[in-house]
Amino acid sequence: MGSKISRPNQSPTMTHSPRIVRTSPLQEHAPLSSSPLIPRLNQQQGLSLSPSSPRTPRSARRQNPKLVLFGTKSSGKSTILKQLSILSSSGFGEKEKAHYKKLIEEFMMNTLQLLISKVDRDNLCDESLELVEMIEQMSTEEDFFSFDSDVASGVSQLWNDRIIKEVFYREMKGGSYSNAEYFFNNALDFGNWNYEVNEQDILYVKNPSESIKRSDFEIYRSEVEVITIGQMKSGRDAFSPVNYLHSATGLVFVASLSDFDQVSKPNQTNKMSRSASLFKSILTNKLLPSTVPIILLFNKMDLFKQKLKTVNLQHFFPLYQGGNSRRKAYKFITDLYLSDLLQM
């Protein structure tokens, strides 16, 4: 869901309800091509971005979208940047693809090392024990990340060990390792020396946003500038680059729907509660320009739907009474972010 909020004033207390425009939430690993994010912002500016637009009028070029992305760690800001790159005419170059392939290989090996440390080896078969020794030996060698077909085969076999998977699903699935299953299931592909990573592979890569990152994209023959504010801990962090805010077309706060059962370290606070509090603190900050629209962009709907089948939202938010209903859970989370603001 994307919710556009037009702030009526700069006061910490709102005098009337902001206007909300609802759109569909994003999938964590699906292309952004069907998202209304860019068209919504351009409608706000009187522009029209679509594949059928023959060219951007000169007057519109002066108003090309400039977005500022906010959100807590692991909310999906970097994934949205990658989705925008897919939409862009530039896409991913050969060097970028090689870089992402290396990140994937390193992630698999580091994750497998951690997974091995959590396994009771007495429960492993002799073949799996040999593979464990091979993986551990690699960690002490210079070619630790030489991910060839033999290594990929070993990783794939070890991943398919029942004991290994049980430990992973019990202790590591979710959070920083939520994408590991995808990579392990496709380990043989990555071990092929001439395999070129595709867009889906890249979308699964987790790479934390830098403190402030500027990116330019050409989408539907219009230039889009995106400023990403990473590693936010409080509402104040959003306003250190205050110059970006005053020239922005829109502010996009990215919130992960699947974070309802995750905790932030070291204070062990619920990630979704922390994200909602951060969103509200940004919205009521005096430094936020009153003329800039805000879009609350819920992300990771696919992971959210999958998680609701086995995890009860009420365990983490006792006020929730909707069971495993996706519609009721989604409404509850929407209200968590917006209800207090709409009552101001």
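Structural data are supplied above this passage.
Everything quoted here is computed from the prediction, not taken from an experiment.

Draft legend 1. Expanded view of the pattern of salt bridges. Summed over all chains, the structure comprises seven salt bridges. Glu 171 is paired through a salt bridge with Arg 170; the nearest N and O atoms lie 3.4 Å apart. In this structure Glu 171 comes out as partly exposed when scored by relative accessible area, which is 42%. Judged by its relative accessible area of 57%, Arg 170 falls in the exposed class. Each of Lys 118, Arg 170 and Glu 171 takes part in a single network of salt bridges with overlapping partners.

Draft legend 2. Examining the environment of Arg 121 more closely. As for its position among the elements, Arg 121 is in the loop between α4 (94–117) and α5 (126–138). Separated by 42 residues in the primary sequence, Arg 121 and Ile 163 place their C-alpha atoms 9.3 Å from one another. Once residues within four sequence positions are removed from consideration, Arg 121 is found in contact with Ile 116, Leu 129, Val 132 and Glu 136.

Draft legend 3. A look at the packing of α4 against helix α6 (residues 149–159). Close contact between α4 and α6 brings their axes to 12 Å; oriented N to C, the two are set at 40°. Between α4 and α6, the crossing angle belongs to the class labelled oblique. Along this stretch, α4 crosses α6, giving a crossing that reads as left-handed. Here α4 contributes Met 109, Leu 112 and Ile 116 to the contact with α6, which in turn contributes Val 151, Val 155 and Leu 158. A breakdown of the residues in the contact of α4 with α6 according to their chemical character gives six nonpolar, no polar and no charged.

Draft legend 4. Structural context of the packing of α5 against α6. Two elements in contact, α5 and α6, have axes separated by 10 Å at closest approach and are oriented at 130°. Compared by their axis directions, α5 and α6 come out oblique. Of the two elements, α5 crosses α6, and the hand of that crossing is left-handed. Touching Glu 127, Ser 128, Leu 131, Val 132, Met 134, Ile 135 and Met 138 of α5 are Val 151, Gly 154, Val 155, Gln 157 and Leu 158, all from α6.

Draft legend 5. Quick peek at the pairing of strand β4 (residues 222–229). Counting buried positions along β4 gives seven out of eight residues, so the element sits mostly inside the fold. As defined by bridge partners, strand β2 (residues 66–70) adjoins β4 across four bridges and the pair is classed as parallel. Its bridge partner being in β4, Leu 67 is matched across the sheet by Val 226. Judged from the eight bridges that link them, strand β3 (residues 212–219) and β4 form a sheet pairing that is antiparallel.

Draft legend 6. Focus on the nonpolar core. By size, the foremost hydrophobic cluster in this structure holds 37 residues, and its most contacted members are Met 108, Leu 112, Phe 147, Val 155, Leu 158 and Phe 183. Within the residue set of this core, elements represented by two or more residues are α4, α5, α6, α7 (162–171), α8 (180–185), α9 (187–190) and α10 (199–204). Per-element accounting of this core gives the leading share, seven residues, to α4. If we skip the residues at most four places from it in the chain, Phe 147 touches Glu 105, Met 108, Met 109, Ala 152, Val 155, Ala 187, Phe 190 and Gly 191. Ranked by size, the runner-up nonpolar core spans 33 residues in total, among them Ile 227, Ala 248, Phe 317 and Tyr 330.

Draft legend 7. Looking closely at the packing of aromatic side chains. Tallied over the full model, the rule gives 19 aromatic pairs. These aromatic residues form a ring-pair network of at least three members: Phe 107, Tyr 177, Tyr 182, Phe 183, Phe 190, Tyr 195 and Tyr 204.

Draft legend 8. Up close: unusual backbone geometry. At Ser 74, a residue that is not glycine, the phi angle is positive and equals roughly 70°. Position of Ser 74 relative to the elements: it lies in the loop between β2 and α3 (77–87). Even without glycine at this site, Lys 300 takes up a positive phi of about 65°.

Draft legend 9. Inspection of the environment of Arg 221 at higher detail. In this fold, Arg 221 is placed in the loop between β3 and β4. Taking relative accessible area as the criterion, Arg 221 reaches 54% and is therefore assigned exposed. Note: C-alpha distance between Arg 221 and Ser 88 (133 residues apart in sequence) is 9.0 Å.

Draft legend 10. How the structure looks around α5. Between its first and last C-alpha, α5 extends 19 Å over 13 residues, near the 18 Å set by a 1.5 Å rise per residue. Within α5, the full set of buried residues consists of Ser 128, Leu 131, Val 132, Ile 135 and Met 138. The buried residues of α5 occupy an angular sector of 125° when the element is viewed end-on, so they sit on one face. Within α5, the exposed residues directed more than 90 degrees away from the buried face are Asp 126, Glu 130 and Glu 133. Buried residues belonging to α5 abut α4 and α6.

How each quantity is defined
- Residue positions are given per chain, counted from 1 along the sequence in the order it is written.
- Only residues with pLDDT of at least 70 are given local features in this predicted model, and only at 80 or more are side-chain atom pairs given and counted; all residues enter the totals for whole chains, interfaces and linings.
- Calculated side-chain values reflect all of the structure's heavy atoms, with hydrogen atoms and water omitted.
- A carboxyl oxygen of Asp or Glu within 4 Å of a side-chain nitrogen of Lys or Arg is what we treat as a salt bridge.
- The cut-offs for exposure are 20% and 50% of the maximum accessible area for each residue type, with area from a 1.4 Å probe on protein chains only; residues under the lower value are buried, those over the upper are exposed, and the others partly exposed.
- A run of DSSP states H or I qualifies as a helix once it reaches four residues; a run of E qualifies as a strand once it reaches two. Both are numbered from the N-terminal end.
- By definition, residues are in contact when any of their heavy atoms lie within 4.5 Å.
- Lines fitted to C-alpha atoms define the axes, with helix axes restricted to the stretch in contact, and inter-axis angles between N-to-C directions lie between 0 and 180 degrees.
- Any angle from 65 to 115 degrees is called roughly perpendicular, while one under 35 is roughly parallel, one over 145 is roughly antiparallel, and all others are oblique.
- By definition, turning the near helix anticlockwise from the far helix through less than a right angle yields a left-handed crossing, and turning it clockwise yields a right-handed one.
- Residues were grouped as follows: Ala, Val, Leu, Ile, Met, Phe, Trp, Tyr, Cys and Pro as nonpolar; Asp, Glu, Lys and Arg as charged; and all remaining residues, including Gly, as polar.
- Should DSSP find at least two bridges between two strands, the strands are taken to pair.
- What makes a nonpolar core is a set of buried Ala, Val, Leu, Ile, Met, Phe, Trp, Tyr and Cys residues whose side-chain atoms join them at distances within 4.5 Å.
- The criterion for an aromatic pair is that two Phe, Tyr or Trp rings (for Trp, the six-membered ring) have centres within 6.5 Å, with stacked assigned to planes under 30 degrees apart, edge-to-face to planes over 60 apart and tilted to the rest.
- Here a helix's expected span is defined as the number of its residues, less one, multiplied by 1.5 Å.
- Each direction from the helix axis to a C-beta atom contributes to the arc, which is the arc of those directions.

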